[in-house]
Amino acid sequence: MLHSQSINARLFFSYLKDKIELFLFVKPRRTSGRVMIYRRAPGDAAMNSRIQALLENARVLRSQTEIWILLYPPEIHTTTIYVPAHSTRQEIDEHIQQEILMKLPYSFKYDWENYLVKKRDNGYGQDMVTVTIFGKNVLPRIQSLLFKNFARVTFIGDGLQFLSVDEKRFSQVRGQIYEVILPYDEIYYKAVFRSGVHMKSKILTHAGSDYFGNYQLVKQQAYLDLRRSGLNGDLPQIQPIIPKIEWVDALLTPAAFPTWYIATNSLRQTEVSNFASLFKAREYQDEIINRYNQYSLTQYLN
C-alpha cells in the first residue's frame, strides 16, 4: 500500500530490455476514485519526458510519486537453496557461489557482488536461503533512463514475488508449495511459493504452445498451479486466479494485464525483497568517500 501521507501515486517501471512498461497507480483523492494509466515505450532518452507527461495527465506532482522498478528473468534471478542451520554468512556465501552463481547460464552477466539473501528456519537442522541477484548492466541502464527521476525510486526487485495469491481466497495453498503462471506476451513467467514465501522465479521461453498438459492457458489471466502441492481431491490442478469482472473494471488495454496484476498485487504485500535500500546505502557511502577525498585534496592544495 501507499503508506506515506505525502505520496499520492506509485509509478511501476517494468524493465524488459527491448521495451519499457509504465503503470501509474494514483490512490483515491477526496471524491475521486483511483486512477490507473498504462503506457509501453522504447527505452530511450525521451523516457523522462514520457514520465512527466504521464504525471501531468494524471494531475500528480513528481514530488508526490514514488517509483518501483520491476525486474523479470533473465534480468533478475531468484532461487532457493538449503544450508545447515546456524551457518555463518561466510559459509552461506560459499554455498551461494558454488550452488547458484557458478551454475547460472551466462553467469558472467550477473552482479556477483550485490545480491539479496533471506534466511528462514526450515527445521530438521536446515535453513532455507532465498537468493536474488540481477544482471550487472541492469542498474546502470535504469539509472541512465530515469536520470533525475531515479531519486524517487523506493523499490528495485523481482516483480514475480508479487504473484503470490491471497490465502483468504485460496485457502488450499496454506502450508503448501504452489506456483503461479503468468502469460506475458509470447512467453510465460512462473513463480514458486511455499506457504506464501517466494522461493523461485522462472521464464518459460520454451513454452511454444498455450497448453500445459490438459489445460489451455489464455492471456489476460494468471493461473494457480497446484501440481507440486500434492493436493489432489476434486480441485483442478491449474486454475485461473482473476475474476473477469476485476480486469474488465480496470478499463485498460489488453497488453496491460501482466503489469496491472503484479502492480495491484504489490499493494497488499509488505514483506518484499528490495535492492533499493542496499544501493542507497552504497550511494551514501560513496558520497562520504568523495567528500572526504575532495576535502583531503583541498587541504593538500592549501
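Reading the values: the criteria
The numbers attached to residues start from 1 for each chain and follow its sequence in the written order. Under the rules for a predicted model, residues below a pLDDT of 70 receive no local features and side-chain atom pairs below 80 are neither given nor counted, while totals for whole chains, interfaces and linings still include all residues. Hydrogens and water molecules were not included; the side-chain quantities draw on all heavy atoms of the structure. In this description a helix means any DSSP run of H or I spanning at least four residues, a strand means any run of E spanning at least two, and both kinds are numbered starting from the N terminus. Exposure classes here rest on a 1.4 Å probe applied to the protein chains alone. A residue is buried below 20% of its type maximum, exposed above 50%, and partly exposed in between. Throughout, a residue-residue contact means that at least one pair of heavy atoms, one from each residue, lies within 4.5 Å. To measure how exposed things are, a 1.4 Å probe is used in the Shrake-Rupley method; for residues, cover is taken only from the protein chains shown. In this description, strands pair whenever DSSP reports at least two bridges between them. In this analysis, axes come from line fits to C-alpha atoms, helices being fitted only over the stretch in contact, and the angle between any two N-to-C directions falls in the range 0 to 180 degrees. As a per-residue measure, pLDDT tells how confident the predictor is, with possible values from 0 to 100. Nine residue types can take part in a nonpolar core, namely buried Ala, Val, Leu, Ile, Met, Phe, Trp, Tyr and Cys, and a core is a set of them joined through side-chain atoms within 4.5 Å. A carboxyl oxygen of Asp or Glu within 4 Å of a side-chain nitrogen of Lys or Arg is what we treat as a salt bridge. Nitrogen and oxygen atoms within 3.5 Å of one another constitute a polar contact, given that in protein one can donate a hydrogen and the other can accept it, and given that sequence-neighbouring residues count only through two side-chain atoms.

Help me understand the overall build of the protein in this model?
What the protein contains, in helices and strands, is six helices and 15 strands. Taken over 302 residues, the protein has a buried fraction of 48%. Across the protein, the fraction of contacts at a sequence separation of at least 24, relative to all contacts at a separation of at least 6, is 62%. Surface exposure of the protein reaches about 16,300 Å², of which carbon and sulfur atoms provide 51%.

Sorry, what's going on with the environment of L163 here?
The residue L163 is located in the loop between β8 (153–158) and β9 (177–184) in this model. Judged by its relative accessible area of 0%, L163 falls in the buried class. Note: C-alpha distance between L163 and V180 (17 residues apart in sequence) is 6.4 Å. Those residues in contact with L163 that sit more than four places away from it in its chain are V180, L182, A191, F193, Y261, I262 and N265.

So what exactly am I meant to see when it comes to the sheet that holds strand β3 (residues 35–41) here?
Sheet strands associate in pairs through backbone hydrogen bonding, adopting either a parallel or an antiparallel arrangement. Sheet architecture is open: five strands sit in the order β3-β2-β1-β4-β8, paired in mixed fashion. Only two strands of the sheet have a single partner each, and these edge strands are β3 and β8. Direction aside, the axes of adjacent strands within the sheet are offset by 15° on average. Pairing of strand β1 (residues 9–15) with strand β4 (residues 65–71), which is carried by seven bridges, proceeds in the parallel orientation. Bridge assignment links S14 to a residue of β4, and that residue is L70.

Can you walk me through the sheet that holds strand β14 (residues 223–225) in this structure?
Spatially, five strands are ordered β11-β10-β9-β14-β15 in an open sheet, and the strand pairing comes out antiparallel. In this open sheet, the two edge strands, each paired with only one partner strand, are β11 (197–204) and β15 (238–240). Each strand axis lies, on average, 25° off the axis of its neighbour in the sheet, ignoring direction. Judged from the three bridges that link them, β9 and β14 form a sheet pairing that is antiparallel. Bridge assignment links V180 to a residue of β14, and that residue is L224.

I would appreciate a short explanation of the pairing of β9 in the present structure.
Here is the key point about a regular strand: its side chains alternate between the two faces of the sheet. Of all eight residues making up β9, seven are buried, and the element is well covered by its neighbours. With eight bridges connecting them, β9 and strand β10 (residues 187–194) associate as antiparallel partners. Its bridge partner lying in β10, V180 is registered against A191. Joining the antiparallel neighbours β9 and β10 is a turn of two residues, in which D185 adopts a positive phi near 55°.

Explain the confidence of the model for the protein here, please?
Low pLDDT marks stretches whose predicted atomic positions should not be read closely. Scored by pLDDT, the protein has a mean of 86; 87% of the residues are at 70 or more. Note on residues 284–302: pLDDT under 50 across the span, and zero contacts to partners over four residues away in sequence or across chains.

What am I meant to see in the nonpolar core here?
Considering soluble globular proteins, one finds that nonpolar side chains tend to be buried as a cluster. Counting residues in each nonpolar core, the largest one holds 38 residues, and the members touching the most others are F23, L163, L182, I241, W260 and Y261. No other element matches helix α5 (residues 257–266), which puts five residues into this core. I20, V60, L146 and F275 belong to the second-largest nonpolar core, a separate cluster that totals 33 residues.

Sorry if this is basic, but what is going on with the pattern of salt bridges here?
Tallied over the full model, the rule gives twelve salt bridges. The salt bridge partner of R169 is E246, with a shortest N-O separation of 3.6 Å. Taken together, the residues span a long stretch of sequence, with R169 in the loop between β8 and β9 and E246 in helix α4 (residues 244–250) at a distance of 77 residues. A relative accessible area of 42% means that R169 is categorised as partly exposed. The class of E246 is partly exposed, set by a relative accessible area of 34%. One salt-bridge network, in which partners are shared between bridges, spans K19, E21, R40 and D185.

What's the story with the side chain of T78 in this structure? I'm lost.
Mapped onto the elements of the fold, T78 is located in strand β5 (residues 76–84). T78 gets classed as buried once you look at its relative accessible area, which sits at 1%. Of note is the side chain of T78, whose polar atom sits 3.1 Å from the side chain of T132. Separated by 2.7 Å, the side chains of T78 and D158 make a polar contact. Leave out the neighbours within four places in its chain, and T78 touches T130, V131, T132, D158, H198, M199, K200 and S201.

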